[in-house]
Amino acid sequence: MRFDVLTLFPELFDAVLGESIIGRARENNIIEINAINIRDFSDNKHRKVDDYPYGGGGGMVMMAQPVCDAFDSIVKNLSYKPKLIYLSPQGRVLNQEIVKELSKEKHLVLLCGHYEGIDERIIEEIVDEEISIGDYVLTGGELPAMVLIDAVSRLIPGVLSGEESYSQESHYDGLLEYPQYTRPYEYKGKKVPDVLMSGHHANITRWRRQQSLKRTYLKRPDLLEKLDLGKEDKELLREALERSE
Ligand code: 4FD
């Protein structure tokens with residue numbers, strides 16, 4: 001999968017997405033990430049990319065020409081039109097379902113805004129979709145773009161190793177993760193739950209499922225409402241809640 005990012009701060013991307021799992025996936029040519037400097041497409045001798053808003057008011061607005069020319073420089077080499085996503089607080093709020101949808105694309109272009117926003121005609125001309133990573137405002141769209149790239153990339157086959165993808169594949173079904181423990185057996189007087197030491201794999205699986213259900217109910221009831229739990233899950237949850245009453 002290919003990602004192109006249109007940004008005024010291209011150097012931020014390799015710093016974050018050049019390491020660890022995403023860095024390895026890039027080295028193995030499973031994903032490609034290019035950061036393109038919008039400023040390189042300014043037709044102004046001072047490399048200006050923003051200007052005052054018509055109608056007055058504070059702040060600066062990103063100009064249409066450099067952004068649209070930067071996008072055209074990508075498209076001119078292609079026989080298809082990649083989906084362009086604008087990261088903005090006004091977008092559809094990202095969740096794992098949208099991440100899964102986006103992971104089916106072969107090529108995404110991400111536009112990072114700054115200042116008080118971008119000229120509305122950019123949105124009309126080239127933006128296919130506006131996405132927000134949550135209901136808060138940041139100084140730029142770069143961190144949201146990196147969040148989206150990371151979340152989508154880990155669903156691309158071959159990005160996670162077998163070990164890493166196991167928990168993802170088998171577990172991500174809209175529930176929160178169950179608690180995990182490693183050595184030592186006892187830390188500050190707290191012991192690892194007996195069931196995990198038992199070697200009884202059916203019981204371990206059942207306990208973990210029950211913990212996931214209980215945690216989701218207690219911490220994120222909104223997630224649980226979206227699911228249609230089966231008879232067995234409902235029973236596991238009821239049992240977990242009865243015991244802690
Ligand atoms: N919640 C997000 C995206 C961008 C951003 C910007 C208009 C501000 C938060 C367009 C205003 C872009 C998000 C840059 N802050 N800041 O996903």
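Scroll up to find the structure this text is about.
Below is a summary of the structure that appears in this document. (Residues numbered from 1 in each chain as written. Predicted model: local features only at pLDDT ≥ 70, side-chain atom pairs only at ≥ 80, totals over all residues. Heavy atoms only, no water.)

## A few points about the site of the ligand
Neighbouring residues of the ligand: 14 residues in total, closest Tyr86, Ile133, Gly134, Tyr136 and Leu138. Between the ligand and isoleucine 133 there is a distance of 2.7 Å, counted from an oxygen atom to a backbone nitrogen or oxygen. Within the backbone of tyrosine 136, an N or O atom sits 3.1 Å from a nitrogen atom of the ligand. Burial of the ligand by the protein chains amounts to 93% of its free accessible area of 410 Å². Ranked by residue count, the leading element in the shell around the ligand is strand β5 (residues 83-93), at four residues. (Near = heavy atom within 4 Å. Polar contact = N/O pair within 3.5 Å; in protein donor to acceptor, adjacent residues only side chain to side chain. Areas by Shrake-Rupley, 256 points an atom, 1.4 Å probe, with all protein chains shown as cover. Helix = DSSP H or I, 4+ residues; strand = E, 2+ residues; numbered from the N terminus.)

## A few points about the sheet that holds β5
The five strands lie next to each other as β2-β1-β6-β5-β7, forming an open sheet whose pairing is parallel. The two strands at the open ends of the sheet, each matched to only one other strand, are β2 (32-37) and β7 (129-132). Pairwise comparison of adjacent strand axes, ignoring direction, gives a mean angle of 35 degrees for this sheet. Pairing between strand β1 (residues 2-7) and β2: six bridges, direction parallel. Residue pairing in the sheet places leucine 6 in a bridge with isoleucine 36 of β2. (Pairing = 2+ DSSP bridges. Axes fitted to C-alpha atoms, helices over the stretch in contact; angles between N-to-C directions.)

## Some thoughts on the nonpolar core
Counting residues in hydrophobic clusters, the biggest one holds 28 residues, and the most contacted among them are Phe3, Ile31, Ile85, Leu102, Leu110, Ile131 and Leu148. Of all the secondary-structure elements, those providing two or more residues to this core are β1, α1 (11-17), α2 (20-27), β5, α4 (96-102), β6 (107-112) and α6 (142-153). When residues of this core are assigned to their parent elements, the largest contribution, six residues, is made by α6. Grouped together as the second largest cluster of nonpolar side chains are 22 residues, Cys68, Phe71, Ile74 and Val109 included. (Core = buried A, V, L, I, M, F, W, Y, C linked by side-chain atoms within 4.5 Å. Buried < 20%, exposed > 50% of the residue type's maximum accessible area, 1.4 Å probe, protein only.)

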